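Commentary on secondary and tertiary structure
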Amino acid sequence: MRSLVFSAVQPTGVLHLGNYLGALKQFAQLQSLHDCLFCIADLHAMTAPYDKNRLADETRMVAAAFLACGLDPKRHLIFCQSAVGAHAELAWILNCSARMGWLERMTQFKEKAGKSRERASVGLYAYPVLMAADILAYRATHVPVGEDQRQHLELARDIARKFNADFANGESFFPLPRACVMGSAARVMSLKDASRKMSKSDLSPMSRIELTDGDEAIARKIQRATTDPAPLPDNEAALKNRPEARNLIGLLAALSSEETEATLSRIGGGGFSDLKAELIARLQSEIAPLRRAIAERLAHPEQLDALLKDGAERARAKARPILEETKEAVGLLLPR
């Protein structure tokens, strides 16, 4: 039996190289082995300040990027989170199984709220429960997650386990979702500060390669990427205390489809100028067809809207019986 994989991307800002190497490219590989649900998490996008006038366009951007990366909307589901009411409705039911102490331990909330915890939205605090609902609404078995989301997946497992114990006599009403094993993916860091992840929210566009960047912008950003003065090492151990070198070499290895050690054996002992020249060429070759494909899709928003409508209808049909079973399990009276 094929695994059911749930994956989601928030429609906030322009998608960048980290989104592509860490998620979208991996999704394209997953779909050949599993049944997949590809969700555009627009409800999650509302947990932090956002531009309501751009949300619809940014949602279409993610849909266009999904298609540009080769995701198949006929074999798998591509849909908007907000178009399937089961996500929000199940989230409330799961809020009543989740425990405050569990949410208090979520490090992402602490990082995003910072010193302004009391001014953060309840949505940001309860975000991990909605994430659990996203997954459990379809009884998905696997979720591709990066290191920063593993804690949220563990919470989803805790919530499912608690629900099963309270309302299903310990039976597996909800499966305990597991992290999905994907191909190796580079951990893509900021081009300006390699101690931080590449991010849409970074104020400087020079910190990231965006999937809409042209060849000149790619070259300029890589040429100005932060480096250190030492020659490039020829072994991975020597990268330990060199985050800038590790980031750029990791990107080159990922784009060259080779292990980091193999890349180091080729370029070790050289300077950053040669590394950057090869990296620019690789990026331009990889990003150009994506940029064109995204632009072609965005030129026909009505087609994207029709695709998302179809995906939402199919997702609702899949989630509806699970939500009804959940309501019955917790004792809610259903219309007969």
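The sections below set out a description of the structure shown in this document. Numbering of residues starts from 1 in each chain and follows the order in which that chain's sequence is written. Local features are withheld for residues below a pLDDT of 70 in this predicted model, meaning they are given only at 70 or higher, and side-chain atom pairs are given and counted only at 80 or more; totals for whole chains, interfaces and linings count all residues. Values shown for side chains rest on all heavy atoms present in the structure; no hydrogens or waters enter the calculation.

Side note on the overall build of the chain
In terms of helices and strands, the chain carries 13 helices and 5 strands. Radius of gyration here uses only the C-alpha atoms, and the compact-globule reference equals 2.2 Å multiplied by the residue count raised to the power 0.38. Here the C-alpha atoms of the chain give a radius of gyration of 21 Å, agreeing with the 20 Å that 2.2 N^0.38 yields for 336 residues. Projected onto the principal axes, the alpha-carbon positions of the chain cover approximately 70 × 45 × 45 Å. Buried residues in the chain amount to 49% of all 336 residues. Taking the contacts inside the chain whose residues are at least 6 apart along the sequence as the reference set, 75% of them involve residues at least 24 apart. With the model as given, the accessible surface of the chain reaches about 16,400 Å², and the carbon-plus-sulfur share is 51%. Residues scored as positive are Lys and Arg, those scored as negative are Asp and Glu, and His as well as the terminal groups of each chain are ignored. Here the site of a charge means atom NZ of a Lys, CZ of an Arg, CG of an Asp or CD of a Glu. Side chains of the chain carry 45 positive and 41 negative charges; the gap between the two charge centres is 2 Å. Secondary structure elements are defined from DSSP: runs of H or I of at least 4 residues count as helices, runs of E of at least 2 residues count as strands, and each element is numbered from the N terminus. Buried means the residue's accessible area, taken with a 1.4 Å probe over protein chains only, is under 20% of the maximum for its type, while exposed means over 50%, and partly exposed covers the values in between. Whether two residues are in contact is decided by their heavy atoms: any pair within 4.5 Å suffices. Accessible areas in this description were obtained via Shrake-Rupley with a 1.4 Å probe; residue shielding takes into account the shown protein chains only.

Examining the packing of aromatic side chains
Within 6.5 Å between ring centres, the rings of Phe, Tyr and Trp (the latter by its six-membered ring) count as paired, and their orientation is classed by plane angle as stacked under 30 degrees, edge-to-face over 60, tilted in between. Applying the stated criterion across every chain, the model contains 10 aromatic pairs. Taken together, a centroid distance of 5.0 Å and an interplanar angle of 45° make the contact between Phe163 and Phe167 tilted. Here Phe167 and Phe163 lie together in helix H8 (residues 150-167), a separation of 4 residues that amounts to about one turn. In this structure Phe163 comes out as buried when scored by relative accessible area, which is 0%. Taken together, the aromatic side chains of Phe163, Phe167, Phe173 and Phe174 make up a single cluster linked through ring pairs.

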